Amino acid sequence: MKIAVIGQSLFGQEVYKELRKDGHTIVGVFTIPDKDGKADPLATEAEKDGVPVFKFPRWRVKGQAIPEVVAQYKATGAELNVLPFCSQFIPMEVIDLPKHGSIIYHPSLLPRHRGASAINWTLIHGDKKGGFTVFWADDGLDTGPILLQRECDVEPNDTVNTIYKRFLFPEGVKGTVEAVRLIADGKAPRITQPQEGATYECIQKKDNAKIDWNQSAEAIHNWIRGNDKVPGAWAEVDGQKVTFYGSSLVDNSTAANGQPLEIPGASRPGVVTKAGLVLFGNDSKALLVKNLQFEDGKMIAAAQYFRSGSSAAVELTEEEKAFAQQMRAVWQSILTNVTQIEDSTDFFKSGAASMDVVRLVEEVKLRASNCQLQNEDVYMNTTFQDFIQMCVRKLRGEDDEEELVVDYVEKNINNMTIKIPHQLFINGEFVDAEGGKTYKTINPNDGTAICDVSLAQISDVDKAVAAAKEAFEEGEWGKMNPRDRGRLIYRLADLMEEHQEELATIEAIDSGAVYTLALKTHVGMSIQTFRYFAGWCDKIQGSTIPINQARPNRNLTFTKKEPIGVCAIVIPWNYPLMMLAWKTAACLAAGNTVVLKPAQVTPLTALKFAELAARAGLPKGVVNILPGSGALVGQRMSDHPDVRKLGFTGSTEIGKHIMKSCAVSNVKKVSLELGGKSPLIIFADCDMDKAVRMGMSSVFFNKGENCIAAGRLFVEDTIHDQFVKKVVEEVKKMKIGDPLDRSTDHGPQNHKAHLDKLVEYCQTGIKEGATLVCGGKQVQRPGFFFEPTIFTDVQDHMYIAIEESFGPVMIISKFKSGEVDDVLRRANATEYGLASGVFTRDISKALYVSERLNAGTVFVNTYNKTDVASPFGGFKQSGFGKDLGQEALNEYLKTKAVTIEY
């Protein structure tokens, strides 16, 4: 059939794609105009396919169809209109025109919940059954004849988001496409909607989402979840509008230990507990709310309501008020130049110095021996009000460090017991993903599952970014002395060293890295990286700049290096912990907070790192780890308006997409370390034994899963055959096997999909005429093992000469003796420029070649020699920006110029 798709959103996009797969002709897509320069997903998909796309801001004016709009629609010749999700009013001239009319998807079981907020009201009414309807459009409001319905159970703690993702989206797409099939086959029914049970509810908006406390706990719970996330159920708390999210029904014992919170209109006070905010209905039953949002947009975990950084202040008891008055007198005795100590009086702005801090801490001990302050506590709470609030919390025991709760997966392996966290790490806690979503991470040595890992969703990204933002803007991390920040990072490095064998074992089973290599490089260099950048924390500085004076006055201009804020980091699967370290260490040293997405196939060392970061004392929200898919989690991080920097290591294709998303969203700062096809030139005058040894390492190090691997070796023709013979001899000595076996040289490839790509890559090389000297096949044993491979006679035009294998595949090409400039031309004839190498005893030749190789790193008579102090990054389509070295700090800093006239 000829179909016009009228609507928007990812749902509309999926319906469109499935209709095309079914063989229908989409004659036009009618969707909403671009927003902030970004097209709706339905429009993007259709434009990619060359389908006509119309983006009318409206179809009617003052109730009348716009003739020009209707004319453009008529010109498509549609036989059926499909409205998968449409927010615009479509005139009846369009609805009735096609031969088969128009069908609409509606997310409720009509005639129940007619109107635009159907999913909300399904939950608000506590319906046990939900579902969707595809109906024939008429001139009423969701009143047309029913074509098809599908129903599902509504779980007690479902939200709009969970029921949509679980059923209404995936099954709704299938149902809409099935409805079109029935029409095409002439079997589509038209069942008149019954009047019995029909309801129509208004659109849910913020104004009408206020909570009525005079009802049962279940009814309040249904109201909150029915408005979660949009528009958000709210109530007045402490004089401001607070929105409630993440409701679930609980038994009353949940409120056994907590602090009461008065809520106007509620039958009894709420209770702030470690689990969240417990609320009560007029039936005395309880519900639990996980998150709260204040009028300024700041969202916190409900459990944090009374803690530092929240909007709520502790109400003092009479005894605590007396203590406050004593401390007011102490402040007055120290700040003798201040007439009266107000709540807003700032200790340091009023002239206090470091010795005054020592005195103040001792004065507190004299008056409250169980309130043990550190000097840092005074620096972090500089106003009198904040100081008293902090002291009172300590006196109440609310300021004690919470024990880190970790639901470990424990395994006895490699002569030790390893304890692996497997949940998301957000705001200092290990938590399940939204909706309890999980996936299995696989051991590449045998293909078995290691454990289930929480699979982050978009809402989890939002929570992590909110936590990171609060930690940066409101928490102690943003106020911390740089030297103290360095001390925490040193402590983290020490903890990593204490757990290095455990980290290396986890890395080996999750990524396939040979244990000895994991211990030395994956983990060892990670520890070195954190130590190196810990030392930089108190050495980040600006400069003074002489400028033209504004005579007769004078000027002073200086620059400051400041942290950017919330940084997102997306890392690859080849060096899971080391890639985390390369980016995160510099990011933290600069004073930023981090939301990091490890590769979905290798999440475990990142989660163990999160545990160690918490135990090292990094404040909550500073480090957040979100295992998940790039398409969902990575995309949301790229799009998020509160993320100000994104660092990415991965493919060039994905890097380009990230760069575009970062530009469109909020012009984030970006650094990209992307693909490579690094050339290694071996001249006849080289040290042959060393060239063979390092040539092997340049390709087969870490199973070839190495971003700077020599993707192509150019060997001078006079030594070509000798070099190949020696390399083949060495390859045959390599032991392939269990990465935990200390004698193993070559472990499994990281995951099955990558193994399959390597097999295909080698088959392509053979078809194009390259000579396969050895390898090229999967090893016949359990797991994802691939033979070390050597190709010779590789011509410049061949696929394997151009594209990266990212595996243990050595690509060898000859070059003629003396043709230095020609081999340089061939080596540079790639869009990549990550690394390169040259072997020769002639220092003049080495310098000449290194100057002309167009790559971010050049190795001379060595390879893979990276160091934490040396900057690392590529040219051309291998990306931009640096990891490691002092230069890496600049990726996570912004420069501010200040000019003073005096």
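That block above? That's the structure.
Residues numbered from 1 in each chain as written. Predicted model: local features only at pLDDT ≥ 70, side-chain atom pairs only at ≥ 80, totals over all residues. Heavy atoms only, no water.

Caption draft 1: Expanded view of the side chain of S671. In this structure, S671 sits in strand β29 (residues 669-673). Its relative accessible area of 5% is what places S671 among the buried residues. Discounting chain neighbours no more than four positions away, the residues touching S671 are K645, L646, G647, F648, F880, G881, E891 and Y892. (Helix = DSSP H or I, 4+ residues; strand = E, 2+ residues; numbered from the N terminus. Buried < 20%, exposed > 50% of the residue type's maximum accessible area, 1.4 Å probe, protein only. Contact = heavy atoms within 4.5 Å.)

Caption draft 2: Quick peek at the environment of K668. Topologically, K668 is positioned in the loop between α21 (652-666) and β29. When its relative accessible area of 7% is taken as the criterion, K668 is described as buried. Sequence separation between K668 and H640 is 28 residues, and the spatial gap between their C-alpha atoms is 9.5 Å. When near neighbours in sequence (up to four residues on either side) are disregarded, K668 contacts M637, S638, D639, H640, V643, R644, K645 and C662. At 2.9 Å, the side chain of K668 and the backbone oxygen of H640 are in polar contact. A distance of 2.8 Å separates polar atoms of two side chains, one belonging to K668 and the other to N666. (Polar contact = N/O pair within 3.5 Å; in protein donor to acceptor, adjacent residues only side chain to side chain.)

Caption draft 3: Seen up close, the side chain of N222. Residue position: N222 is located in helix α8 (residues 217-226). Classification of N222 as buried rests on a relative accessible area of 5%. Discounting residues that sit within four places of it in the chain, N222 has contacts with L123, I124 and G126.

Caption draft 4: Focus on the packing of helix α15 (residues 482-498) against helix α17 (residues 515-534). Between α15 and α17, the least distance of the axes is 8 Å, while the angle of their chain directions is 165°. Accordingly, the angle class assigned to the pair α15 and α17 is roughly antiparallel. The chirality of how α15 crosses α17 is left-handed. Residues G486, I489, Y490, L492, A493, D494, M496 and E497 of α15 form the contact with α17, whose own contacting residues are S526, I527, F530, R531 and A534. (Axes fitted to C-alpha atoms, helices over the stretch in contact; angles between N-to-C directions. Parallel < 35°, antiparallel > 145°, perpendicular 65-115°, else oblique. Left-handed = near helix turned anticlockwise from the far one by under 90°.)

Caption draft 5: Up close: the packing of helix α16 (residues 500-511) against helix α19 (residues 604-615). Remark: α16 packs on α19, axes separated minimally by 9 Å, with the N-to-C direction vectors making an angle of 155°. Judged by the angle between their axes, α16 and α19 are roughly antiparallel. Residue-level inspection shows E502, L503, I506, E507 and D510 of α16 in contact with α19, the latter providing L604, T605, K608 and L612. Residue composition of the contact of α16 with α19, by class: four nonpolar, one polar and four charged. (Nonpolar A, V, L, I, M, F, W, Y, C, P; charged D, E, K, R; others polar.)

Caption draft 6: Quick look at the sheet that holds strand β33 (residues 789-792). The seven strands lie next to each other as β32-β33-β34-β31-β30-β36-β37, forming an open sheet whose pairing is mixed. Sheet topology places β32 (771-774) and β37 (857-860) at the edges, where each strand pairs with a single neighbour. Strand-to-strand, the axes of this sheet are offset by a mean angle of 20°, without reference to chain direction. Pairing of β32 with β33, which is carried by three bridges, proceeds in the antiparallel orientation. In the sheet register, T771 faces β33, and the bridge partner there is T792. (Pairing = 2+ DSSP bridges.)

Caption draft 7: Representation of the sheet that holds strand β8 (residues 129-136) in the model. On the basis of which strands lie adjacent, the open sheet formed by seven strands has the order β3-β2-β1-β6-β7-β8-β9 and mixed pairing. Where the open sheet ends on each side, the last strands, each with one partner, are β3 (53-54) and β9 (146-153). Where strand β2 (residues 25-30) meets β3, two bridges bridge the pair, whose relative direction is parallel. For V29, the partnering residue across the bridge sits in β3 and is V53. Helix α6 (residues 160-168) rests against β7 (102-106), β8 and β9 of the sheet, and its axis sits at about 120° to β9. Lying over the sheet, helix α7 (residues 170-184) contacts β1 (2-6), β6 (80-83), β7, β8 and β9, oriented at roughly 155° with respect to β9.

Caption draft 8: Representation of the pattern of salt bridges within the structure. Scanning the model with the defined rule gives 45 salt bridges in all. We note a salt bridge from K128 to E218, for which the minimum N-O separation is 3.7 Å. Remark: E218 occurs in helix α8 and K128 occurs in the loop between α5 (118-124) and β8; sequence separation between them is 90 residues. With a relative accessible area of 58%, K128 lands in the exposed category. Put simply, K321 and E318 hold a salt bridge, and the shortest N to O gap is 3.5 Å. Residue K321 and its partner E318 are located together in helix α9 (residues 318-334), separated by three residues, close to a single helical turn. For K321, a relative accessible area of 40% puts it in the partly exposed group. (Salt bridge = Lys/Arg side-chain N within 4 Å of Asp/Glu carboxyl O.)

Caption draft 9: Geometry of the environment of I146. As for its placement among the helices and strands, I146 is situated in strand β9. Spatially, the C-alpha atom of I146 lies 9.2 Å from that of P111, the residues being 35 residues apart in sequence. Setting aside chain neighbours within four positions, we find I146 in contact with L110, T133, V134, F135, W136, P189, R190, I191 and Q193.

Caption draft 10: Structural detail: the packing of aromatic side chains. In this structure the tally under the stated criterion is 28 aromatic pairs. Between F294 and Y305 the ring centres are 6.0 Å apart and the planes differ by 35°, which places this aromatic pair in the tilted class. Taken together, the positions of F294 in the loop between β15 (286-293) and β16 (299-301) and Y305 in the loop between β16 and α9 put the pair eleven residues apart, joining distant regions of the chain. You'll find F294 and Y305 in the same group, each marked buried. (Phe/Tyr/Trp six-rings, centres within 6.5 Å; stacked < 30°, edge-to-face > 60°.)

Caption draft 11: The nonpolar core, seen in detail. By size, the foremost hydrophobic cluster in this structure holds 109 residues, and its most contacted members are F530, I682, L713 and F723. Every residue in contact with L713, bar those within four places of it in the chain, is listed here: L680, I682, S698, V699, F723, M810, I811, I812 and S813. One finds F11, V82, L123 and C152 within the second-largest nonpolar core, a separate group that totals 33 residues. (Core = buried A, V, L, I, M, F, W, Y, C linked by side-chain atoms within 4.5 Å.)

Caption draft 12: Structural context of unusual backbone geometry. The omega angle of the peptide bond from L110 to P111 is 15°, so this bond is cis rather than trans. Positionally, P111 belongs in the loop between β7 and α5. In this structure, P552 follows R551 across a cis peptide bond, with omega equal to 15°. Relative to the assigned elements, P552 resides in the loop between β23 (544-545) and β24 (555-563). Of note in the backbone geometry, S284 takes a positive phi value of approximately 70° without being a glycine. Locating S284 in the fold gives a position in the loop between β14 (277-280) and β15. The phi dihedral of N702 falls on the positive side, at around 55°, and the residue is not glycine. Along the chain, N702 falls in the loop between α22 (688-700) and β31 (710-716).

Caption draft 13: Geometry of the environment of E68. Assignment of secondary structure puts E68 in helix α3 (residues 67-74). In this structure E68 comes out as exposed when scored by relative accessible area, which is 53%. For E68 and V699, which are 631 residues apart along the polypeptide, the C-alpha to C-alpha distance reads 63 Å.

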